[in-house]
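Examining the three-dimensional arrangement
Chain by chain, the residues:
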Amino acid sequence: MNLRIKHVLAAGALCWLPVSAQAAEWTEVLVTTGDINAVAMENGRQVMTYYATGGIALIAGDKMAPGGSFECAGMIDAGPDGMTLSLSCATTDTDGDMVFSEVTRGRDSDMPPGQGVYSYTGGTGKWSEFTADCTYEVHTQPGGQGVEFSHCTGEALPPPIAN
């Protein structure tokens, strides 16, 4: 193979690599209503069960679509030394397909209260191979609802806004 062809192939490979490695980005807006049941423990610690439901809107550029309705359940352990959080969520889209996500936070997190991360871990139908990571911030409203704004990245946009 002559040197000129090798340079063209190398340049083509370099041009392709950044494009294939780019992540899709989008925003999610969630409106949540939930119940927290707490048990007071020693030294100001509280252990809580958490159950919430709500809806999601997905936004990417000038495209916006409903993401579906969700429910989450899990545990919170909070005390003077910080908080651990473990929630599992299932979202059902308008076609009845589901996507699953996990919210985790350890006592060593340096994020302020109301902020954290979650990960999509796959699902059913068009969501079967979907994975992504999101950072969120929750704003509690006077009526008890939470409005959450999330910034997400993954290999592909969520199915409702991918087309």
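First, a word on what this report is: a plain description of the structure on this page. Everything numeric in this text was worked out from a predicted model, so none of it was measured.

1. A word on unusual backbone geometry
Its identity is not glycine, yet Asn 43 carries a phi of approximately 55 degrees, on the positive side. If you trace the backbone, Asn 43 turns up in the loop between strand 1 (24–40) and strand 2 (46–60). A residue is classified by how much of its surface remains accessible, and Asn 43, at 68% relative accessible area, is exposed.

2. Here's the deal with the side chain of Ser 101
With respect to the helices, strands and loops of the structure, Ser 101 is situated in strand 5 (residues 98–105). Apart from the residues within four sequence positions on either side, Ser 101 is in contact with Leu 87, Ser 88, Cys 89, Tyr 118, Ser 119, Tyr 120 and Thr 121.

3. Some words on the packing of aromatic side chains
Under the defined criterion, the tally for this structure stands at five aromatic pairs. Their ring planes at 50 degrees and their centres at 5.9 Å tell us that Trp 26 and Phe 130 sit as a pair that is tilted. Taken together, the residues Trp 26 in strand 1 and Phe 130 in the loop between strand 6 (115–123) and strand 7 (131–140) connect sequence positions 104 residues apart. Considering the side-chain rings of Tyr 118 and Tyr 136, the 6.0 Å spacing of their centres and the 40 degrees angle between planes classify their relative orientation as tilted. Here the residue Tyr 118 occupies a position in strand 6, and Tyr 136 occupies one in strand 7, the gap between them amounting to 18 residues. For Tyr 136, a relative accessible area of 12% puts it in the buried group. In textbook terms, an aromatic cluster arises when at least three aromatic residues are bridged by ring pairs, as seen for Trp 26, Tyr 118, Tyr 120, Trp 127, Phe 130 and Tyr 136.

What counts, and where the lines are drawn
Residues numbered from 1 in each chain as written. Predicted model: local features only at pLDDT ≥ 70, side-chain atom pairs only at ≥ 80, totals over all residues. Heavy atoms only, no water. Helix = DSSP H or I, 4+ residues; strand = E, 2+ residues; numbered from the N terminus. Buried < 20%, exposed > 50% of the residue type's maximum accessible area, 1.4 Å probe, protein only. Contact = heavy atoms within 4.5 Å. Phe/Tyr/Trp six-rings, centres within 6.5 Å; stacked < 30°, edge-to-face > 60°.

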